[in-house]
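A closer look at the structure
Listed below are the residues making up each chain.
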Amino acid sequence: MNIESYRQILTKYWGFSSFKPLQEDIIRSVTEGRDTLGLMPTGGGKSITFQVPALAQEGICLVITPLIALMKDQVNRLNELEIKSIAIHSGMTGEEIDNALENCIFGDYKFLYISPERISTRIFQARVARLNLSLVAIDEAHCISQWGYDFRPSYLKIASLREYISDKVPFLALTASATPQVIDDIMKKLAFREKNVLKTSFNRKNISYLVRKVDDKGTYLIKTLMKTGGSGIVYVRSRKRCKEVAELLVYNGISADFYHAGLTDELRDKKQASWTTGETRVIVATNAFGMGIDKSEVRFVIHWDIPDCIESYFQESGRAGRDGKPAFAVLLYTPADKSRLLDNLRKKYPPVEKIKDIYEALCNYLQVPLGSGKDIVFEFNMYDFVAKFRLPVIETYNSLQFLQREGYMEFTEEINNPSRVHFIVSRDDLYKFQVANESFDGFIKLLLRSYTGMFSEFVPINEEALLRKSAATRETIYQYLVKLSSLNIIRYIPGKKSALVIFTEERLVRKALMISPDNYLNVKEKYEIRLDKMIGYADSDTHCRSVYLLDYFGEESDRCGTCDVCRERNELELSKYEFDLILDEIKSVLIEKNPDAEELVKLIDYPEDRVIKVIRWLLDHNKILPDRDHKLTWNS
Ligand code: ADP
Ligand code: MG
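Attention here is on the structure that accompanies the text. (Residues numbered from 1 in each chain as written. Chains lettered and ligands numbered in written order. Predicted model: local features only at pLDDT ≥ 70, side-chain atom pairs only at ≥ 80, totals over all residues. Heavy atoms only, no water.)

1. What to know about the pairing of strand 9 (residues 232-235)
Here is the rule: Between buried and exposed lies partly exposed: a residue is buried under 20% and exposed over 50% of the maximum accessible area for its type, with that area taken using a 1.4 Å probe on protein chains only. Per the convention used, a helix needs a DSSP run of H or I reaching at least four residues, while a strand needs a run of E reaching at least two, with both numbered from the N terminus. Note on pairing: two strands pair once DSSP finds at least 2 bridges between them.
Neither face of strand 9 is open: one carries Gly232 and Val234, the other Ile233 and Tyr235, and all of them are buried. Relative to strand 12 (residues 300-303), strand 9 runs parallel, the two being bridged by four bridges. Residue pairing in the sheet places glycine 232 in a bridge with phenylalanine 300 of strand 12. Looking at chain direction, strand 9 and strand 11 (residues 282-285) are connected through four bridges and run parallel. Within the sheet, the bridge partner assigned to glycine 232 lies in strand 11 and is valine 282.

2. What about the nonpolar core?
For clarity, the cut-off: Here, nonpolar core refers to any group of buried Ala, Val, Leu, Ile, Met, Phe, Trp, Tyr and Cys residues whose side-chain atoms link them within 4.5 Å. By definition, residues are in contact when any of their heavy atoms lie within 4.5 Å.
The biggest cluster of nonpolar side chains holds 127 residues, and the ones touching the most others in it are Leu112, Val136, Leu161 and Tyr537. A total of eight residues in this core trace back to one element, the largest contributor, which is helix 20 (residues 517-539). Not counting residues up to four positions away in its chain, the partners in contact with tyrosine 537 are Tyr209, Val211, Ile310, Tyr313, Leu331, Arg545, Tyr548 and Leu549. With 30 residues, the next largest nonpolar core counts Trp14, Phe50, Ile83 and Leu172 among its residues.

3. A word on the sheet that holds strand 4 (residues 111-114)
What counts, and what does not: Each axis is a line fitted through C-alpha atoms, and for a helix only the stretch in contact is used; angles between axes span 0 to 180 degrees, taken between their N-to-C directions.
Taking strand neighbours across the sheet as the criterion, the seven strands line up as 3-4-2-5-6-1-7 in an open arrangement whose pairing is parallel. Only two strands of the sheet have a single neighbouring strand rather than two, namely strand 3 (85-88) and strand 7 (197-199). The sheet shows a mean angle of 20 degrees between the axes of neighbouring strands, direction not considered. Here strand 1 (residues 36-39) pairs with strand 7 via three bridges, running parallel. Bridge pairing links leucine 37 to valine 197 in strand 7. Relative to strand 3, helix 5 (residues 94-106) is tilted by about 145 degrees, and along the sheet it contacts strand 2 (60-64), strand 3 and strand 4. Most of the contacts of helix 7 (residues 180-189) go to strand 1, to which it runs at about 150 degrees, and overall it touches strand 1, strand 6 (171-175) and strand 7.

4. Regarding the site of ligand 1
Under the convention used in this document: Proximity is defined per residue: any heavy atom of the residue falling within 4 Å of a molecule or strand makes that residue near it. We call two N or O atoms a polar contact when they sit within 3.5 Å, provided that within protein one can donate a hydrogen and the other can accept it, with sequence-adjacent residues counted only if both atoms are side-chain atoms. Here the accessible surface of atoms and residues is derived via Shrake-Rupley with a 1.4 Å probe, and residues count as covered only by protein chains that are part of the display. Residues are sorted three ways: Asp, Glu, Lys and Arg are charged, Ala, Val, Leu, Ile, Met, Phe, Trp, Tyr, Cys and Pro are nonpolar, and all the rest, Gly among them, are polar.
The local shell around ligand 1 holds 15 residues, among which Ser18, Gln23, Gly43, Lys46 and Ser47 are the closest. With respect to ligand 1, the backbone of serine 18 contributes an N or O atom lying 2.8 Å from a nitrogen atom. Here an oxygen atom of ligand 1 sits 3.4 Å away from a polar atom, N or O, in the main chain of glycine 44. Within the complex, the protein chains bury 75% of what would otherwise be the 580 Å² of accessible surface of ligand 1. The element best represented in the shell around ligand 1 is helix 3 (residues 46-56), accounting for three residues. For the shell around ligand 1, the per-class residue count stands at five nonpolar, seven polar and three charged.

5. A look at the side chain of arginine 281
For the record, the criterion: When charges are counted, Lys and Arg are positive and Asp and Glu negative, with His and the chain ends excluded. Every case where a carboxyl oxygen of Asp or Glu lies within 4 Å of a side-chain nitrogen of Lys or Arg is listed as a salt bridge.
By the element assignment, arginine 281 lies in the loop between helix 10 (265-276) and strand 11. One buried charged residue, arginine 281, forms no salt bridge at all, with the nearest opposite charge on glutamate 297 at 12 Å. Contacts of arginine 281, omitting those with residues within four sequence positions, involve Leu225, Thr228, Gly229, Gly230, Ser231, Gly232, Ile254, Ser255, Trp275 and Phe300.

6. Some details on the packing of aromatic side chains
For clarity, the threshold we go by: Here a pair means two rings of Phe, Tyr or Trp (six-membered ring of Trp) with centres within 6.5 Å. Their orientation is stacked below 30 degrees between planes, edge-to-face above 60, and tilted elsewhere.
For the structure on display, the rule yields 25 aromatic pairs. Ring plane angle 65 degrees and centroid distance 6.4 Å describe the contact between phenylalanine 50 and phenylalanine 111, whose orientation is recorded as edge-to-face. In this pair, phenylalanine 50 sits in helix 3 while phenylalanine 111 sits in strand 4, placing the two residues 61 residues apart along the sequence. Phenylalanine 111 gets classed as buried once you look at its relative accessible area, which sits at 0%. A ring pair is formed by phenylalanine 385 and phenylalanine 389, whose centres lie 5.5 Å apart and whose planes are at 50 degrees; its orientation type is tilted.

7. Here's the deal with helix 17 (residues 438-450)
We count it as follows: By definition here, a helix of n residues has an expected span of 1.5 Å times n minus one.
An ideal rise of 1.5 Å per residue puts 18 Å on 13 residues; helix 17 measures up with 19 Å between its terminal C-alpha atoms. Turning to helix 17, its buried residues number three or more, namely Phe440, Asp441, Phe443, Ile444, Leu446 and Leu447.

8. Digging into helix 9 (residues 239-251)
Operational definition: Picture the helix axis, draw a direction to every C-beta atom, and the arc is the one those directions span.
Compared with an ideal rise of 1.5 Å per residue, which puts 13 residues at 18 Å, helix 9 spans 19 Å between its outermost C-alpha atoms and is within 8% of the ideal. All buried positions along helix 9 are accounted for by Cys242, Val245, Ala246 and Leu249. When helix 9 is viewed along its axis, its buried side chains cluster within an angular range of 100 degrees and face the same direction. Residues of helix 9 that are exposed and point more than 90 degrees away from the buried face comprise Lys240 and Tyr251. Close packing links the buried residues of helix 9 with helix 8 (217-227), strand 10 (256-259) and strand 11. Directly after helix 9, the chain includes glycine 253, whose backbone phi takes a positive value near 80 degrees.

9. With respect to the environment of histidine 89
For histidine 89, the position within the fold is in the loop between strand 3 and helix 5. For histidine 89, a relative accessible area of 5% gives the class buried. Counting along the chain gives 22 residues from histidine 89 to leucine 67, while the straight-line C-alpha distance between them is 9.6 Å.

10. Some thoughts on unusual backbone geometry
Of note in this structure, glutamate 140 is not a glycine but carries a positive phi near 50 degrees. Secondary-structure assignment places glutamate 140 in the loop between strand 5 (133-138) and strand 6. One non-glycine residue, asparagine 622, adopts positive backbone phi at about 55 degrees. Relative to the helices and strands, asparagine 622 is located in the loop between helix 25 (608-620) and strand 20 (624-626). You can call asparagine 622 partly exposed: its relative accessible area is 46%.

Here is the structure:
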């Protein structure tokens, strides 16, 4: 197939007329059967790079992604486009998973989405070999690296898939954020047959990065939002602060609302929709706000609190200016923020014995006997857990994170599982039942009218929707379902909202629980390095912000000219170009010798007033240092 036919698929299903940068290259690479790592910023259009090749080829594409909510969202979208897709995740029963896999083997499904911990289950391994796979896509591929900021041990199992599938099936790894070290690690851990990285620039030229050192963040925010127009996001750290800041803005006449994971799904959807349409101008949110944002005209992203790594900051601030028009990414920063981050670092690494205590408490809480538990999924209510065992919340949370990093277990975010219904009698028997039990007739008809496929598998239903369609009350609908279930006509799984914990290893005795000091210190060190880089970004007033961020991701670039550091330089009324030329000369002189300022001016072959400006700027920013005799040295 040539690229033109891929483009036709793009247009046929998605209505887009052309590919975005790099999409074409990635598609070509995987359709040639090559393992490929695709790096594109958030919103760059990564999904298309596995969806189009999968549609162009026979067989089914396996997509591995860590976020269950995102997975459901994508599957829904594909199904709306009439592309048969299915998801398998820890929230499903064994029977449902079994059915889904059978469907993939015998049905004409194009996409199978799974969460990574499925891979190590026997039921999956037994069946994956029978799938006619076209491609394995690994989304959020940075999760495979212990160097990354969001390591998930179950990602390490992905390479083992190669044992069960044809070696002709290429792997496509995708991520929006990876440092050079993580990039290498991804290819290694996925057992790439050859190195193959395709990368777009991470340079977001239309975003001006600003760091504002302000003590009164509230006043700054109000002033700025009154001065500038457009819609945007304010990121804060805590749910409580979320509400407070939104109220502060509203009180000052700025249209604002708040958003965090503690709100009901309906409320969150409503708030997000009203921000997307522009009804709400500013959304004040925790980092729970981000998934599935599809709004291109975001004029600013302001961080009230500093994140703990560049990856998070870059991803969150990158939601600004997707339309390519000028936008701002502002970080509000005070010395107190730095102390808080460093303080968090201490809390983030509880003593090893404490981590072991919490491991044992958790096993007891979930009633996991020694030697068992592997690959078992439990529902988990963190608040109930800490309350029952009288544990400190933050330390417990971080200990659990640590156990996750060590590979003993994994946590998933809260997921909303809809209720599900499966008819376990044949159509004929159901008909006989309806005739004999007239009181159920209306309800059964309503079910059959509203949903299809219930005779062959579990089908998600929505009690609210049924309620609206019938004259019944909520209780009667529920009673009908329970009654039919106890009469063995249907199987009914009530929906619920829950977080899950998955044991990736059997429960071990305390002694055997290896939290090697090496590993512990190693992870801590990596975290410290990332933290340092983030603090460095905020603290520095000599590095172009954009250059600093891009350098972190291993990309060279020119000064942006629009961040706060560059702006300050611009105020010297020198062009960026001229400034750099003079700076280079000064630097090369000072590396050779140590003149005082007056001598230095004479040594530089540019108009004196300009040279003086640059020297003054360099002195102000400690790039050159005078000694006691006013002799200057270059401070590298
Ligand atoms: P990512 O996973 O890289 O963050 P997505 O795959 O979610 O990005 O795509 C981001 C947005 O870009 C989506 O709204 C998608 O429909 C849109 N998009 C993807 N490819 C194209 C294209 N070729 N032309 C126009 N829009 C596109
Ligand atoms: Mg994506």
